[in-house]
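Each chain, letter by letter, is given below.
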Amino acid sequence: MSLAEASRRLGHRVHALGIVDSTQTEAVRLAEAGAAEGTVVTASHQTSGRGRRGRRWVDAGGESLLMSIVLRPPVSPNRAPQLSLVGAVAVADALRACAGVRAAIRWPNDVMVGERKICGMLPEAATPRPGALGHVVLGIGLNVNQAEFPAPLCDLATSVRIETGRMTAIGEILEGVLSALDRWYGRFLTAGLDGIREAWLERAQSIGRRARAADGREGVAVDLGRDGALVLRTDSGETLRVLAGDVTMEASHATGD
Ligand code: BTN
């Protein structure tokens, strides 16, 4: 282990599995059994990969980074979704550092190259008692070595290989993600969302785009609130704050079905 790795908070223990139903399920099991913060589960293929909003996350096997990481931040449960904002900044940085891919974040936590999704994130929190956050398992699905995607995904999804024209070792991307996540998660622990908000805004593609809240009201996204809400300005000049799951971005896609 290098000195840099030894001083990291995350990734000291990596359970590298083959075929599993979902790395989330495995990581939740480990977290419930007391696994330390930073414990990582990876898999070569998932038979029941989970996406956001109950969607499936489908992978072809051996081509994606499929990982779940156990986090135990000392924050209230309503702040758990903020961890996927942290994760999105880290993945965007890792893609740049490991593969030279310029990615941008679509609120709240999709990582995009242009209009195509390269990575999705799923934070799942456990609250053993009201108001107490036990752990958060942050799942990351990143398309690495897919040469192409079948229709209709081909218009919606991309991979590191499609963007660079070459294969990249999934382990190299995992290391890059862990190192970037360690850095940004450290800032989140010391400064809260303020520690990553500027970085998120610099990497965001959502600001300036139209978005629709769950109640049907629409507006242009103008900011990321200090609580992680997306701030919309409606055509009538009203300011709306929407939380993850309550908004549809224009040109919104998912890699999962
Ligand atoms: C989304 O964009 O809908 C989130 C997708 C998250 C997928 C990853 S793959 C690794 C981890 N295990 C799962 O079952 N889901 C997450």
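As the structure is a prediction and not an experimental result, all values here were calculated from the model.

Asker: How should the packing of aromatic side chains be read in this particular structure?
Answerer: Aromatic rings considered in pairs are described by the distance between their centres and by the relative angle of their planes. Considering all chains together, one arrives at one aromatic pair under this definition. For the cation-ring pair, Arg187 lies above Trp184, with the distance from its terminal atom to the ring centre recorded as 4.4 Å.

Asker: Which parts of the structure should I look at to understand the site of the ligand?
Answerer: Lining the immediate surroundings of the ligand are 20 residues, of which Ser22, Gln46, Arg50, Arg52 and Lys117 lie closest. The separation between a nitrogen atom of the ligand and a polar side-chain atom of Gln46 is 2.8 Å. Computed on the free molecule, the ligand has an accessible area of 410 Å², of which 99% lies beneath the protein chains in the complex. Of all the secondary structure elements, the ones that give two or more residues to the shell around the ligand are helix H2 (23-32), strand E3 (64-71), strand E6 (116-126) and strand E7 (135-143). Per-element accounting of the shell around the ligand gives the leading share, four residues, to E6. Classifying every residue of the shell around the ligand by side-chain character gives six nonpolar, 10 polar and four charged.

Asker: I tried to follow the pairing of E3 on my own but got confused; where do I start?
Answerer: The two faces of the sheet receive side chains in turn, since in a regular strand these alternate between them. Within E3, eight of the eight residues are buried, leaving the element largely enclosed by the surrounding structure. With burial as the criterion, each face of E3 is covered, one bearing Ser64, Leu66, Ser68 and Val70 and the other bearing Leu65, Met67, Ile69 and Leu71. Bridge analysis of strand E2 (residues 40-46) against E3 gives four bridges, and the strand direction is antiparallel. Counterpart to Val41 in the pairing with E3 is Ser68. In the sheet, E3 pairs with E7 via eight bridges, with the strands oriented antiparallel. Counted as the bridge partner of Ser64 is Asn143 from E7.

Thresholds applied
- Residues numbered from 1 in each chain as written.
- Predicted model: local features only at pLDDT ≥ 70, side-chain atom pairs only at ≥ 80, totals over all residues.
- Heavy atoms only, no water.
- Phe/Tyr/Trp six-rings, centres within 6.5 Å; stacked < 30°, edge-to-face > 60°.
- Lys NZ or Arg CZ within 6 Å of the ring centre and 35° of its normal.
- Near = heavy atom within 4 Å.
- Polar contact = N/O pair within 3.5 Å; in protein donor to acceptor, adjacent residues only side chain to side chain.
- Areas by Shrake-Rupley, 256 points an atom, 1.4 Å probe, with all protein chains shown as cover.
- Helix = DSSP H or I, 4+ residues; strand = E, 2+ residues; numbered from the N terminus.
- Nonpolar A, V, L, I, M, F, W, Y, C, P; charged D, E, K, R; others polar.
- Buried < 20%, exposed > 50% of the residue type's maximum accessible area, 1.4 Å probe, protein only.
- Pairing = 2+ DSSP bridges.

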